[in-house]
Amino acid sequence: MITSPRTYNVQVNENIPPCPECAGVYAYEMGTLLVCPECGHEWAPAPAEATEEAGDKVIRDAVGNVLADGDTVTVVKSLKVKGHPAGIKAGTKVRNIRLVDGPDGHDIDCKVDGFGQMHLKSSVVKKA
């Protein structure tokens, strides 16, 4: 018995990017993730703002506001400081911040009253 090969009518969605692992074009959405049926890789889709140039890195605070050099921010949670008996309390205002590409994700360079010069993570501050 001779059978003819089956053909499947599969449409490729042009809005979904190819798989970053195997470059397969048959990726599909499953909830908030994209899934590749060819290799099984799952990944989060890149947000629309990620299409900006790599040199124009956007730094956001804990609530999603875009930060810029010279902004005033407020610390949203108490922070321990090495070598200091008391840490930085929540609600402390920090003026005139500078955005840098610091170590371990510390992307804000600033001077905190009573503590001096230090680096903070943008995830622990909000724009004032």
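Just so it is clear, the structure is predicted and the values come from calculations on it, not from any experiment.

Visitor: Just checking my understanding: could you explain the sheet that holds strand 7 (residues 108-112) for this structure?
Guide: Note on sheets: strands pair through backbone hydrogen bonds, and any given pair is parallel or antiparallel. Spatial strand order, 6-7-8: 3 strands in an open sheet with antiparallel pairing. On the outer flanks of this sheet lie strand 6 (98-99) and strand 8 (116-120), each paired with one strand and no other. Strand direction decides the pairing type here: strand 7 and strand 8, joined by 5 bridges, are antiparallel. Counterpart to I108 in the pairing with strand 8 is L120.

Visitor: Help me understand the UniProt feature "domain: Protein YjdM N-terminal" (unreviewed entry) in the chain in this model?
Guide: Cross-referencing UniProt, the feature "domain: Protein YjdM N-terminal" (unreviewed entry) maps to residues 16-44 in the present numbering. Between the C-alpha atoms that bound residues 16-44 there is a distance of 11 Å. The span itself is 0% helix and 28% strand.

The rules we used
- Residues numbered from 1 in each chain as written.
- Predicted model: local features only at pLDDT ≥ 70, side-chain atom pairs only at ≥ 80, totals over all residues.
- Heavy atoms only, no water.
- Pairing = 2+ DSSP bridges.
- Helix = DSSP H or I, 4+ residues; strand = E, 2+ residues; numbered from the N terminus.
- UniProt positions renumbered as here; feature names shortened; annotations may be inferred.

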